Amino acid sequence: MHGHVVVGFDGSPGAERAVDLAADEAVRRNTTLEVLYALEWVELGGADDRFGQQLRADARDVVDRGAERARLRRPGLSVLATVELANAIDALEFASDRAALLAVGSRGLGGFAGLLMGSVSLPVSATTRCPLLVVHPDQDTAGGDTPKPVLVGISDVDCTPALEAAFHQAQARALPLHALHAWRYPAMAAGSAGYAPAMYDWREVAQTTLTAALEPVRAKYPDVVVTEEVVIDSPAHALTNASSDAELVVLAAHRNTGRFGPNLGRVTHAVLHHAKAPILLVPVGK
């Protein structure tokens, strides 16, 4: 690992929860936590720029409040409070180049009440170049008495970076790992009464996919207890359901480039909106 932990903070409930978990993660990594506030304002300069001066003072008050929250949660933690004059999306994307982990609340201030992901957190999820921790505002960060596993979703594509991160998180938190692979019968097999049982055992194929993906990483973490699960379901639905009993959900972020720039796949997009636990997105590929 390199860099430190950076958390975007705007004073919203989601950002407060993100500060809590980012502080915990900084302690686990024995590194500094940077609390970052982005102020979109053009410096006019001069003594007459009273409005700009007030905005900067307000921004400093907000970011200092976030930093103090982190210090109270984790006494002794090295905390840096930063105000950047930039658009929030640009500031967070730029921060991902210097951070080992970036954390954000799923919704900031001024969003519509019905939205689960905000106008900042969603595009940041598609563009950050380091792992991203997304925290919903209603998630409990106090910590419960009953430990829950780290949940990792595995598809039939290369998920090794996400698996590495999931095993690392499970070991650092002294938690078991729940590896989940969701599958469905191919359309041709599902529409043919006897075809699938006669030609293939599709559940065995799915289990083989899961086991093969785990094998090279599992050997590096012999102390992590792993539960393998194959379910007949859509990946998004299966992961959302399983997230209710997870401490953390780890997903590989396979980014696509469409007409309107980078975007996340349908599964990642759905889980970001509906998961009941914090989500760690790990960039994979380009």
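Residues numbered from 1 in each chain as written. Predicted model: local features only at pLDDT ≥ 70, side-chain atom pairs only at ≥ 80, totals over all residues. Heavy atoms only, no water.

(A) Region of interest: the overall build of the protein. If you tally the helices and strands in the protein, you get 10 helices and 11 strands. Taken over 286 residues, the protein has a buried fraction of 45%. With an accessible surface of roughly 14,500 Å², the protein has 55% of that area assigned to carbon and sulfur atoms. (Helix = DSSP H or I, 4+ residues; strand = E, 2+ residues; numbered from the N terminus. Buried < 20%, exposed > 50% of the residue type's maximum accessible area, 1.4 Å probe, protein only. Areas by Shrake-Rupley, 256 points an atom, 1.4 Å probe, with all protein chains shown as cover.)

(B) Highlighting the environment of R28. Tracing the backbone through its elements, the reader meets R28 in helix α1 (residues 13-29). Look at R28 and you get partly exposed, because its relative accessible area is 32%. Counting along the chain gives 141 residues from R28 to Q169, while the straight-line C-alpha distance between them is 9.5 Å. Apart from the residues within four sequence positions on either side, R28 is in contact with Q169, A172 and R173. In terms of polar contacts, R28 uses its side chain to reach the side chain of E25, at 2.9 Å. (Contact = heavy atoms within 4.5 Å. Polar contact = N/O pair within 3.5 Å; in protein donor to acceptor, adjacent residues only side chain to side chain.)

(C) Seen up close, the pattern of salt bridges. Throughout the structure, instances matching the rule amount to 17 salt bridges. Put simply, D97 and R129 hold a salt bridge, and the shortest N to O gap is 2.6 Å. One end of the pair, D97, is in the loop between α3 (88-95) and β4 (99-105); the other, R129, is in the loop between α4 (121-127) and β5 (132-135), with 32 residues separating them in the sequence. By sharing partners, the salt bridges in this structure join E16, R17, D20, D24, R69, R73 and R74 into a single network. (Salt bridge = Lys/Arg side-chain N within 4 Å of Asp/Glu carboxyl O.)

(D) The arrangement of the pairing of β4 in detail. Most of β4 sits inside the fold, with seven of its seven residues counted as buried. Relative to β4, strand β1 (residues 4-8) runs parallel, the two sharing four bridges. By the bridge assignment for β4, V6 is matched with L102. Pairing between β4 and β5: four bridges, direction parallel. Each residue of the ladder has a partner; that of A103, found in β5, is L133. (Pairing = 2+ DSSP bridges.)

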